[in-house]
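Here is what each chain is made of, one letter per residue.
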Amino acid sequence: MNYLVCPDDGEQLKVVPGHRDGEAGLVVRCPRCTTVFRFAKGNLTPIADPDGR
């Protein structure tokens, strides 16, 4: 099974429930460093935390 990992620390990213951005990408969070990313079109892009953490 494939899964996304944080480019900063290699931790497996977790999907943030209830959040999809305008480009229909998944919103994922690193449980270790708490950085939030959008995964769309095969790319991870750091974004502002949709939950304001």
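Use the structure listed above.
Residues numbered from 1 in each chain as written. Predicted model: local features only at pLDDT ≥ 70, side-chain atom pairs only at ≥ 80, totals over all residues. Heavy atoms only, no water.

With respect to the pattern of salt bridges
Scanning the entire structure with this criterion turns up two salt bridges. Linking D49 and R29 is a salt bridge whose minimum nitrogen-to-oxygen distance equals 2.8 Å. Taken together, the positions of D49 in the segment after strand 4 (43–47) and R29 in strand 2 (residues 26–29) put the pair 20 residues apart, joining distant regions of the chain. (Salt bridge = Lys/Arg side-chain N within 4 Å of Asp/Glu carboxyl O. Helix = DSSP H or I, 4+ residues; strand = E, 2+ residues; numbered from the N terminus.)

Some points on the nonpolar core
The tendency in soluble globular proteins is for nonpolar side chains to be buried as a group. Of all hydrophobic cores here, the largest spans five residues; its members are C6, L13, V28, C30 and F37. Not counting residues up to four positions away in its chain, the partners in contact with C30 are C6, D9, E11, L13 and T35. (Core = buried A, V, L, I, M, F, W, Y, C linked by side-chain atoms within 4.5 Å. Buried < 20%, exposed > 50% of the residue type's maximum accessible area, 1.4 Å probe, protein only. Contact = heavy atoms within 4.5 Å.)

Honestly, it's all geometry; don't read function into it.
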